[in-house]
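Secondary and tertiary structure notes
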Amino acid sequence: MENRYVICQLTDSEAKPLGPPIELHQNYGPNQLQQIVNQLLSNEEKLPYALYISDRELTVELGTFLQRFNVSVERVVQIVCQPQAIFRISPVYRCSTTLKGHSGAVLAVEFSPDGRQLASASGDTTVRLWDLNTQSPWHTCEGHKNWVLSIAWSPDGKYLVSGSKAGELLCWDPQTGERLGNPLVGHKKWITAISWEPLHLQAPCRRFVSASKDGDARIWDVVLKKCIRCLAGHRLSVTCVKWGGDGVIYTGSEDCTIKVWDTKEGKLIRTLKGHGHWVNSLALSTGYALRVGAKGKQYDSPEETKEAALDIYNKLKANAPERLVSGADDESLYIWEPSISKHPKFRLTGHQQLVNSVAFSPDGLWLASGSFDKSVRLWNPRTGKFVCVLRGHVAPVYQICWSPDSRFLVSASKDSTVKVWDIRTHRLKHDLPGHEDAVYAVDWSPNGEMVASGSKDKTMKLYMG
């Protein structure tokens, strides 16, 4: 190229210009561009940024990139600047231990919001709490009469709730493993999902919502130990539920719809229609902030705790509306902005079998989906564009989960493996074999230190970097 300068427009992740278009020398690489971004934003503390042109990360000199991907310089080149987590975690690559104790398949695993505790649910009717320092059993929580299908930590880490195939819910004290009160009874069929009210809306935590195959969702108060609202309106099983940061509840169902509920009176706000088959999975763009709450920090008052959680939530949400993504048996995903419209913003197609798991990256800038077609797909949720397909599994993908710094993705499959994917290179980073049967569940600890997986082989494995 004769002209050694290119006119570029630097934008944020929502495509809003950071300043006027500027001429950049083709010898400029990521380091020089990051300096320019920090200058444009007047950042006192220099922040790291990832730079993207047409959804491809710029990791070489600008001129080299433009030639390699045949990008036209006749028009202004848009460079999207995404702030990166200041902390960087190491990708997990080795199994540090195998946790044995369950006598049935491990159906769910979940780390506490601070990443210091781990809970598991099993077909043996128990919930187990594990000591991550000694990597050994801590408490066995007994009381369910049937398979434990769902578990969920409160965002302040003070409660753990579990739901069973018998339709009952039990609340536990994670410190002692003791059951808090009698079973919460009301659902007529098994529990499919549980979601807690965000910490920035209520501190300390006390309310959660459960979804059931009986077609209802119910809001419970763990202090009053009773159901305070029944959200009835779906015609078939409610398969998934999320309590949004805006204070509404989203339920996905086998009746092909997603419903948005008011949490004060339990009234239906709107119904989101688009899918042609069962809705399997929901995820929120603010999901990571809602999960970690105040990141396990102790404050002097509930108000201070709420403010800290609200600060984390607002930083992630920024000026964009909270987005919802749904995955379904119709092999597609929809991205919604429910606070703005009842119509989907984007329809994402490409999977060739049902979509079983969807997840926004913790920074909200990427979207991943896992399918029974054995693949994981990566999408840009701001544009609705397909980014890449991650192939390597040889059987259905059951669950996916992001690393807290949004740089890696982990997937669990029926093929008995867990795989770690590098988002920058779009390639397999590490293959984690070891299980002897299907891996149903996987979770990456919010502090980034380890990954846990649960399998049909009745064991759990911990992986570390």
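Residues numbered from 1 in each chain as written. Predicted model: local features only at pLDDT ≥ 70, side-chain atom pairs only at ≥ 80, totals over all residues. Heavy atoms only, no water.

1. As for the UniProt feature "domain: NLE" (unreviewed entry) in the protein
To be explicit about the condition: UniProt positions are given in the numbering used here, feature names are shortened, and annotations may be inferred rather than shown by experiment. Numbering of helices and strands runs from the N terminus; a helix is a DSSP stretch of H or I covering at least four residues, while a strand is a stretch of E covering at least two.
Under the UniProt annotation, "domain: NLE" (unreviewed entry) lies at residues 6-66. Secondary structure across residues 6-66 comprises 26% helix and 28% strand; the distance between its end C-alpha atoms is 10 Å.

2. What to know about unusual backbone geometry
Between Ala203 and Pro204 the backbone carries a cis peptide bond, its omega angle lying at -5 degrees. Following the sequence through the fold, Pro204 ends up in the loop between β14 (191-196) and β15 (207-212). The phi dihedral of Ser54 is positive, around 55 degrees, even though this residue is not glycine. Secondary-structure assignment places Ser54 in the loop between β3 (49-53) and β4 (56-57). Of note in the backbone geometry, Gln135 takes a positive phi value of approximately 55 degrees without being a glycine. Among the secondary structure elements, Gln135 is positioned in the loop between β9 (127-131) and β10 (136-141).

3. Notes on the sheet that holds strand β25 (residues 346-348)
Consider a sheet: its strands pair through backbone hydrogen bonds, and that pairing is either parallel or antiparallel. Heads up, the rule is: What makes two strands pair is DSSP finding at least two bridges between them. Convention adopted: a line fitted to C-alpha atoms gives each axis, helices being fitted over their contacting stretch, and angles between N-to-C directions are expressed from 0 to 180 degrees.
Strand order in this open sheet of four strands is β22-β23-β24-β25, and the pairing throughout is antiparallel. Two strands close off the open sheet at either side, each with one partner strand: β22 (279-284) and β25. This sheet shows a mean twist of 20 degrees between the axes of neighbouring strands, independent of strand direction. By the bridge criterion, three bridges tie strand β24 (residues 333-336) to β25 in an arrangement that is antiparallel. Its bridge partner being in β25, Leu333 is matched across the sheet by Leu348.

4. Concerning the environment of Leu40
Going by this rule: Only heavy atoms enter the contact rule, under which two residues are in contact if any of them lie within 4.5 Å.
Its location among the elements puts Leu40 in helix α1 (residues 30-40). Leu40 sits 192 residues away from Ala232 along the chain, and the two C-alpha atoms are 51 Å apart. For Leu40, the residues in contact, after removing those within four places along its chain, are Leu10 and Leu18.

5. A closer look at the packing of aromatic side chains
Going by this rule: Working definition: a ring pair exists when centres of Phe, Tyr or Trp rings (six-membered ring for Trp) sit within 6.5 Å. Plane angles under 30 degrees give stacked, over 60 give edge-to-face, the rest tilted. The buried label goes to any residue with under 20% of its type's maximum accessible area, the exposed label to any with over 50%, and the partly exposed label to all in between, with areas taken from a 1.4 Å probe on protein chains only. Put simply, a charge is over a ring when the Lys NZ or the Arg CZ is close to the ring centre, within 6 Å, and near the line of the ring normal, within 35 degrees.
Going through the model one piece at a time under the given rule, you end up with eight aromatic pairs. With centroids separated by 5.9 Å and ring planes inclined at 65 degrees, the aromatic side chains of Phe372 and Tyr398 adopt a geometry described as edge-to-face. Residue Phe372 is located in the loop between β27 (367-371) and β28 (375-380), and its partner Tyr398 is located in strand β30 (residues 397-402); the two are separated by 26 residues in the primary sequence. Take Phe372: its relative accessible area is 23%, and that puts it in the partly exposed class. Each residue in the set Tyr159, Trp196 and Phe208 is aromatic and connected to the rest through ring pairs, giving one cluster. For Lys165, the ring lying beneath its charged end belongs to Trp147, and the centroid distance is 4.3 Å.

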